[in-house]
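One-letter residues, chain by chain:
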Amino acid sequence: MELAVVTGANSGIGEQIATGLARHGTSVALVARNRERLEAARRRIAAAAPGSDLQVEPVDLAELDEVRALAARLAGQDPSIVVSNAAVIAPLDDRTPAGLHRSLATNHLAPYLLLRTLAEQPSARSRRFVVVGGSPSGLRRVPVDLDDLNAETGRGLAWPPSFRPFAAYGRTKNMNAMFVYGLARRLRGTGSTVNGAHPGIIRGGRLNRHDRGALRLFGSVLGRFAARTETGADTPLWLATAPELDGVSGRFYVKRRAVETAEHTTDPDRVERLWRESARLVGLPD
Ligand SMILES: NC(=O)c1ccc[n+]([C@@H]2O[C@H](COP(=O)([O-])OP(=O)(O)OC[C@H]3O[C@@H](n4cnc5c(N)ncnc54)[C@H](OP(=O)(O)O)[C@@H]3O)[C@@H](O)[C@H]2O)c1
């Protein structure tokens, strides 16, 4: 049986993606940090997709050593689908023991390390990599600061202060698109593909668990107009499974439509610079 990997699979959009893949008939490795929520999600998915083969991988993706160990375990199982979906909007002073901003580590460095390691693993099969990013239109205003990936200075982040974690998160979501373009270039000619997706504005997840002040208010207002997690899972699931997408790579989708992302995400020099800086931060050769 083919194996699919979904990160952030214990709630929200990730759980729906995992459910869809289980119904599709693939074994699914469910990756998330919180073991209890992971076990609860496994039970819900098993009930929604009877007979499915599910494995849980409790991993803190903000800890790069844990991501490396996960990549090594998964490489042995040669997954054919890998969906990077986990993300967090962390306060700016929330740093990992390695000094990385938690949003940078979880949302960008973890998928960079995990997907790159698996993509570089020799495999006889064509693999599909899918990266859940954010809204291409909303993210135009928060270009990645390549001189301050780790949000040390907070330069150019939003006002009021309660929005700054959201702006820093937005930058990591732009990094998701840039990573898709960088990885797609390297996968060319291998048969494996990588594409990005914006799930839409979706309620039912826990993304704004750390929001404070005006940002919390903004999130609750936005939530009233948000769609269900099933809607959010639709495009990533389609990218992971649709036969008509065989060989399609290096694109970014909203509601199953290929869209342009901001020029600051497609500029080849910026894409390559992010690739090199990320390699340095995770300890891989560039
Ligand atoms: N919801 C929206 O409106 C929206 C809009 C645009 C883009 N997106 C994107 O859609 C994706 C899913 O969002 P969602 O709304 O479903 O959010 P969510 O319910 O908060 O789900 C996030 C998932 O990521 C996992 N996660 C967070 N930090 C982790 C870590 N350090 N290690 C391992 N797992 C970790 C969480 O697991 P734990 O509970 O164990 O931490 C959870 O399973 C994200 O990439 C987000 O950026 C969402």
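Note on numbering: residues in each chain are counted from 1, in written sequence order. Residues qualify for local features only when their pLDDT is at least 70, as the model is predicted, and side-chain atom pairs are given and counted only at 80 or more; totals for whole chains, interfaces and linings, by contrast, use all residues.

This part covers the overall build of the protein. Starting at the N terminus, helices and strands are each numbered in turn, a helix being any DSSP run of H or I of at least four residues and a strand any DSSP run of E of at least two. Looking only at helices and strands, the protein has nine helices and eight strands in total. Throughout, radius of gyration means the C-alpha value; the globule benchmark is 2.2 Å times the number of residues raised to the power 0.38. The globule rule puts the C-alpha radius of gyration for 286 residues at 19 Å, and the 17 Å found for the protein is close to it. Overall, the C-alpha framework of the protein stretches about 50 × 40 × 40 Å when taken along its three principal axes. Once C-beta atoms are placed from the backbone, each residue is buried if 20 or more other C-beta atoms lie within 10 Å of its own, exposed if 12 or fewer, and partly exposed for counts between those two. Within the span of the protein, comprising 286 residues, buried residues form 45% of the whole. Residues are treated as contacting if the C-beta atoms built from their backbones sit within 7 Å of each other. For the protein, contacts bridging at least 24 residues in sequence account for 76% of all contacts bridging at least 6.

Another aspect to go through is the nonpolar core. Of all hydrophobic cores here, the largest spans 73 residues; its most connected members are Val6, Leu21, Leu30 and Val83. In terms of residue count, helix 5 (residues 164-187) provides more of this core than any other element does, ten residues in total. Each nonpolar core consists of buried Ala, Val, Leu, Ile, Met, Phe, Trp, Tyr and Cys residues. Their C-beta atoms, within 7 Å, join them into a set.

Expected helix span is computed as 1.5 Å times (number of residues minus one). Compared with an ideal rise of 1.5 Å per residue, which puts 13 residues at 18 Å, helix 1 (residues 12-24) spans 19 Å between its outermost C-alpha atoms and is within 8% of the ideal. Across the 13 residues that make up helix 1, a large majority, eleven, are buried. Buried within helix 1 are the following residues: Gly12, Ile13, Gly14, Glu15, Gln16, Ile17, Ala18, Thr19, Gly20, Leu21 and Ala22. Just beyond helix 1, the residue with positive phi is glycine 25, at close to 100 degrees.

In short, the description is geometric, and any link to function would need to be established separately.
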